[in-house]
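Observations on the three-dimensional arrangement
Chain residues, written in single-letter form:
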Amino acid sequence: EKVGLTIKEIQRIESLENLTKMEEHTRNVWLFSFYLAGIRVGDVLKIRWSDLYDGRIHYRMNKNSKLVSLKLPHKLKPILEYYEGHKLNPNDFIFPELKISDIKNDAKTNTATSKFNKHLKEIANKAGLDKKLTMHIARHSFGHIAGDRIPVQMLQKLYRHTSITTTMQYQSNFISKETDRALEDVVNF
């Protein structure tokens, strides 16, 4: 079941205080993904400081090798500042999970994802959410909020889907305002 968070639920996560260091790190990684159209955690962990220039993030998607360039939302600034003191060099990873491992080591990414998902349960609990919160829910949350706000063709570009059909199938769980209005138009005679 693909259930994205609402704006209010994301705001509760953003404003949480009294998180452990690991929960704060996990929230940062989750929000980094969400703020950048729900990029996959495997891609988030491979982002290097050198991928950020001209006010944009430039990276190659792991899943399909597509080149992506997105404007850096202002909400990313505090997250980037949080990690900047740990930057060893311009080619260093932003997040620490892959700093001491082989970049092609998918096991390290899987381990990190499991660790994040464990901490996201605690974050959801502290935020009073009764929805499942995982790294992948960042992507679904972006889709949930975007579904009624931007055209599906723009969402296709943000998701880097080759086919509009893929985007429409992905969004079928989230697009509700138009279908709700259509239902009301038919039955309220």
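A few points on the structure. Residue numbers run consecutively from 1 along every chain, following the written order of its sequence. Given that the model is predicted, a residue must reach a pLDDT of at least 70 before its local features are reported, and side-chain atom pairs must reach 80 or more before they are shown or counted; all residues, however, enter totals for whole chains, interfaces and linings. By convention in this description, side-chain values take in all heavy atoms of the structure and omit both hydrogens and water.

1. A short note on the overall build of the protein
To keep things clear, this is the line we draw: Strands here mean DSSP runs of E at least two residues long; helices mean DSSP runs of H or I at least four residues long; both are numbered from the N terminus. Residue exposure (1.4 Å probe, protein chains only): buried if accessible area is under 20% of the type maximum, exposed if over 50%, otherwise partly exposed. By definition, residues are in contact when any of their heavy atoms lie within 4.5 Å.
If you tally the helices and strands in the protein, you get 9 helices and 3 strands. The dimensions of the protein, computed from C-alpha atoms along their principal axes, are 65 × 40 × 30 Å. Within the protein, the proportion of its 189 residues that are buried is 43%. In the protein, of all internal contacts separated by at least 6 residues, the share reaching a separation of at least 24 is 62%.

2. Some remarks on the sheet that holds strand 2 (residues 56–60)
Selection criterion: DSSP calls a pair of strands paired once it identifies at least 2 bridges connecting them.
Read from one edge of the open sheet, 3 strands run 1-2-3, paired in antiparallel fashion. Both outer strands of the open sheet, strand 1 (52–53) and strand 3 (67–71), are each paired with one neighbouring strand and no more. Pairing geometry for strand 2 and strand 3, over 5 bridges, is antiparallel. Bridge assignment links Arg56 to a residue of strand 3, and that residue is Lys71.

3. Description of empty space enclosed by the protein
Once rolled over the atoms, a probe with the size of a water molecule shows which space is left empty. How we decide: Definitions used throughout: a 1 Å grid over protein atoms alone; a cavity as a set of points that fits a 1.4 Å probe which cannot get out; a pocket as an open set with protein on both sides within 12 Å along at least five of seven lines; a lining residue as one with an atom within 4 Å of a point. Grid points are joined across faces, edges and corners, and a volume is the space filled by probe spheres set on the points.
This structure, assessed with the given rule, holds 1 cavity of 30 Å³ or more. Taken as a whole, the largest cavity holds about 60 Å³ of empty space. The wall of the largest cavity is formed by Ile39, Arg40, Asp43, Tyr59, Met61, Val68, Leu70, Arg139, Leu158, Tyr159 and Arg160.

4. Examining the layout of surface pockets
What counts is decided by this rule: Gly falls in the polar group here, along with every residue not listed as nonpolar (Ala, Val, Leu, Ile, Met, Phe, Trp, Tyr, Cys, Pro) or charged (Asp, Glu, Lys, Arg).
In this structure, the largest pocket occupies an estimated 350 Å³ of space. Lining the largest pocket we find 14 residues, and of these Ile7, Phe34, Phe142, Ile145 and Arg149 sit closest to its centre. For the lining of the largest pocket, the secondary structure elements donating two or more residues are helix 1 (7–14), helix 2 (21–35) and helix 6 (135–146). Residues belonging to the lining of the largest pocket are distributed by class as follows: 10 nonpolar, 1 polar and 3 charged. Computed from the structure, the second largest pocket encloses a volume of approximately 190 Å³. What lines the second largest pocket is simply Glu14, Glu24, Arg27, Asn28, Leu31, Tyr35, Lys75, Pro78, Ile79 and Tyr82. The element contributing the most residues to the lining of the second largest pocket is helix 2, with 5 residues.

5. Considering the packing of helix 1 against helix 2
Our working definition: The axes used here are C-alpha line fits, helices contributing only the stretch in contact, and every angle between their N-to-C directions lies in the interval 0 to 180 degrees. Handedness of a crossing follows from how the near helix is turned relative to the far one, being left-handed for an anticlockwise turn of less than a right angle and right-handed for a clockwise one.
Closest axis-to-axis distance for the helix 1/helix 2 pair is 11 Å, and the angle between their directions is 145°. For the pair helix 1 and helix 2, the sense of crossing is left-handed. In contact with Ile10, Ile13 and Glu14 of helix 1, helix 2 contributes Arg27, Trp30, Leu31, Phe34 and Tyr35. Of the residues that constitute the contact of helix 1 with helix 2, the class distribution is 6 nonpolar, no polar and 2 charged.

6. Some points on a nonpolar patch on the surface
This is how the line gets drawn: Residues qualify for a patch when their relative accessible area is over 30% and they have no salt bridge, like charges being joined within 9 Å and the nonpolar side chains of Val, Leu, Ile, Met, Phe, Trp and Tyr within 5 Å. Every accessible area reported is derived by Shrake-Rupley at a probe size of 1.4 Å, with residue values counting cover from the shown protein chains alone. Here, a salt bridge means any side-chain nitrogen of Lys or Arg that lies within 4 Å of a carboxyl oxygen of Asp or Glu.
Where nonpolar side chains cluster on the molecular surface, the patch consists of Leu183, Val186 and Val187 and spans about 290 Å² of accessible area. For Val186, the position within the fold is in helix 9 (residues 177–187). On the accessibility criterion, Val186 (60% relative accessible area) is exposed.

7. Details of the pairing of strand 3
The two faces of strand 3 differ: Val68 and Leu70 on one face are buried, but Leu67, Ser69 and Lys71 on the other face are not. As consecutive antiparallel partners, strand 2 and strand 3 are separated by 6 residues, and within that stretch Ser65 has a phi angle of approximately 60°, a positive value.

It is worth stressing that arrangement in space is one thing and function is another; only the former is reported here.
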